[in-house]
Amino acid sequence: MTGTVKVSLIVPCYNEQAALPVFYRETMKVLEGMDCAYEFIFVDDGSTDDTLSILRGFGGENEQVIYLSFSRNFGKEAAMYAGFSNASGDYVAVMDADMQDPPSLLPQMLEILRGGGYDSVATCRSTRQGEPKIRSWFAKRFYRIINKISDADIVDGARDFRLMRREMVQVIVSMGEYNRFSKGIFGWIGFRTYWLQYDNVERIAGETKWSFWRLFKYAVDGIINFSQVPLSIASWFGVLMTMCSFVILLVIIIRKLLMGDPVAGWASTMCVIIFIGGVQLFCLGIMGQYIAKTYMETKRRPHYIISESNKENIKVIE
Ligand code: UDP
Ligand code: MG
């Protein structure tokens, strides 16, 4: 340990027994070559495999390793929040345990921040190689939509891997919202960010925890958390339908006056009823999404519960 600055590495782990030893070894190698102090904050997100005992091992052999173990799986967002809340470094980074966030980038990232011109160094993948085509297609649409309809500036291909100054971390910790979408939070708070590109790296072991459906829900959450536009879509639909109905009303009245009362089509009536019913339910659904978020937010439930840690004076609930 040399140097005066300290870097905290936050590593959310969910069933990462296969990848963790490699991650730890490789990252230690990189850290030893860097002119700074460091700490690891491993967050075991309710793993059901041997992740926790591996982390106990790391903690036993290295004082610089802190581990927090959740009482159940709370999700990566909660794990990152726990990491941020407990990090003490001057610079703080979030890294995946599967080596998809190459530790070899750390020295360069620290160098850029020490240069003084930036508050954070973020990373994004230059290609989406190795990803299913359909997933890439949806991801692209998602980034285009969310950037159009929200203040959160989210870069396509951005990863959660970024090194930040203490000041920025402080702001993130102070944003205690229950529904967390870190990609949006990072973009929303602003600060000067340097973007570092690198080629996509495949996960070294284990498998991804993000099914297509889980990603889809994550995307919808992101939009609802950072934009009110879907709500106005609902009201615009309402305005449009009302205008249409006026026109249709006029047509019906005129037809009645001119031609008496010809037998009206049952099919067309059904179509209109079903269509309007569909639009109404859709709009109700959008509102329901916002109400559900508000509901969860007002309950003020903790983001996570820590059941075990090697750090003293830990805040068990936050
Ligand atoms: N992760 C977590 N909790 C979860 C899901 C994932 O802490 O509920 C961690 C996981 O262990 C990994 C990181 O988040 O370190 C990224 O997960 P993954 O590699 O599965 O996502 P992908 O890289 O495929 O987007
Ligand atoms: Mg991964």
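This text follows the structure it describes.
Here the structure is a predicted model, which is why all the values come from computation and not from measurement.

Draft legend 1. Seen up close, the nonpolar core. Counting 39 residues, the largest nonpolar core has L68, F70, F84 and Y304 as the members making the most contacts within it. The leading source of residues in this core is helix α3 (residues 76–86), at six residues.

Draft legend 2. Structural detail: the site of ligand 1. Around ligand 1, the surrounding shell holds 18 residues, and the nearest of these are E16, D45, D98, Q100 and T208. With respect to ligand 1, the side chain of E16 contributes an N or O atom lying 2.6 Å from an oxygen atom. Within the contact set of ligand 1, a nitrogen atom lies 2.6 Å away from a side-chain nitrogen or oxygen of D45. Contact with the protein chains covers 90% of the free accessible surface of ligand 1, which is 530 Å². The class makeup of the residues in the shell around ligand 1 is five nonpolar, four polar and nine charged.

Draft legend 3. Focus on the pairing of strand β2 (residues 37–44). Most of β2 is tucked away: eight of the eight residues are buried. Residue alternation in β2 divides its side chains into two sets, A37, E39, I41 and V43 and Y38, F40, F42 and D44, and both sets are buried. In this structure, strand β1 (residues 6–13) lies alongside β2, joined through eight bridges in parallel fashion. If you follow C13 over to β2, its bridge partner there is D44. Assessed by its sense of winding, the connection that carries the chain from β1 through helix α1 (residues 20–32) to β2 is right-handed. Inspection of the sheet shows β2 paired to strand β3 (residues 65–70) by five bridges, in the parallel sense. Looking across to β3, one finds that F40 is bridged to V65. This β-α-β element, β2 to helix α2 (residues 51–61) to β3, shows right-handed connectivity.

Draft legend 4. The arrangement of the sheet that holds strand β4 (residues 91–94) in detail. Pairing within the open sheet is mixed, and its eight strands lie in the order β7-β5-β6-β4-β1-β2-β3-β8. At either end of the open sheet lies a strand with only one pairing partner, and these are β7 (193–198) and β8 (306–309). Sheet twist, expressed as the average angle between the axes of neighbouring strands with direction ignored, equals 20°. Bridge analysis of strand β5 (residues 120–125) against strand β6 (residues 158–165) gives four bridges, and the strand direction is antiparallel. Counted as the bridge partner of V121 is L163 from β6. Along the sheet, helix α6 (residues 166–174) makes contact with β4, β5 and β6, crossing β6 at roughly 115°.

Draft legend 5. Structural view of the pairing of β3. Burial runs high along β3: six of the six residues are buried. Here β3 shows two buried faces, one formed by V65, Y67 and S69 and the other by I66, L68 and F70. Sheet analysis places β3 next to β8, joined by three bridges and oriented antiparallel. Paired with L68 across the two strands is S309, which belongs to β8.

Draft legend 6. Layout of helix α9 (residues 229–259). The end-to-end C-alpha distance of α9, which contains 31 residues, comes to 44 Å, matching closely the 45 Å that a straight helix rising 1.5 Å per residue would cover. When α9 is considered as a whole, its buried residues turn out to be P230, A234 and M241. Buried residues along α9 sit against α5 (133–149), α8 (212–226) and α10 (266–299). Once α9 ends, the next one or two residues include G260, with phi positive near 75°.

Draft legend 7. View of a nonpolar patch on the surface. A cluster of nonpolar residues, F246, L249, L250, I253, I254, L257, L258 and M259, forms a patch on the protein surface that exposes about 910 Å² of accessible area. The residue L257 is located in helix α9 in this model. Given a relative accessible area of 68%, L257 falls into the exposed group.

Draft legend 8. Local environment of α10. Helix length check: α10 (34 residues) gives 48 Å between terminal C-alpha atoms against 50 Å at 1.5 Å per residue, within 8%. Packing partners of the buried residues in α10 comprise α8 and α9. With its phi angle positive at about 55°, R300 sits one or two positions after the end of α10.

Draft legend 9. How the structure looks around the side chain of R165. Checked against the element boundaries, R165 lands in strand β6. Judged by its relative accessible area of 16%, R165 is buried. The contact partners of R165, leaving out residues within four places of it in the chain, are D90, Y91, L113, G116, Y118 and D119.

Draft legend 10. Layout of the packing of aromatic side chains. Applying the stated criterion across every chain yields a total of 22 aromatic pairs. Taken together, a centroid distance of 5.2 Å and an interplanar angle of 10° make the contact between F40 and F42 stacked. Residue classification places F42 among the buried residues on the basis of a relative accessible area of 0%. Above the face of the F74 ring, R72 is positioned so that its terminal group lies 3.9 Å from the ring centre. It is R141 that lies over the ring of W137; its NZ or CZ is 4.7 Å from the centre.

Reading the values: the criteria
- Residues numbered from 1 in each chain as written.
- Chains lettered and ligands numbered in written order.
- Predicted model: local features only at pLDDT ≥ 70, side-chain atom pairs only at ≥ 80, totals over all residues.
- Heavy atoms only, no water.
- Core = buried A, V, L, I, M, F, W, Y, C linked by side-chain atoms within 4.5 Å.
- Buried < 20%, exposed > 50% of the residue type's maximum accessible area, 1.4 Å probe, protein only.
- Helix = DSSP H or I, 4+ residues; strand = E, 2+ residues; numbered from the N terminus.
- Near = heavy atom within 4 Å.
- Polar contact = N/O pair within 3.5 Å; in protein donor to acceptor, adjacent residues only side chain to side chain.
- Areas by Shrake-Rupley, 256 points an atom, 1.4 Å probe, with all protein chains shown as cover.
- Nonpolar A, V, L, I, M, F, W, Y, C, P; charged D, E, K, R; others polar.
- Pairing = 2+ DSSP bridges.
- Right-handed = clockwise from strand over helix to strand, strands pointing away.
- Axes fitted to C-alpha atoms, helices over the stretch in contact; angles between N-to-C directions.
- Contact = heavy atoms within 4.5 Å.
- Expected span 1.5 Å × (residues − 1).
- Patch = residues over 30% accessible without salt bridge, like charges linked within 9 Å, V, L, I, M, F, W, Y side chains within 5 Å.
- Salt bridge = Lys/Arg side-chain N within 4 Å of Asp/Glu carboxyl O.
- Phe/Tyr/Trp six-rings, centres within 6.5 Å; stacked < 30°, edge-to-face > 60°.
- Lys NZ or Arg CZ within 6 Å of the ring centre and 35° of its normal.

Everything listed is a geometric property; what it means functionally is a separate question.
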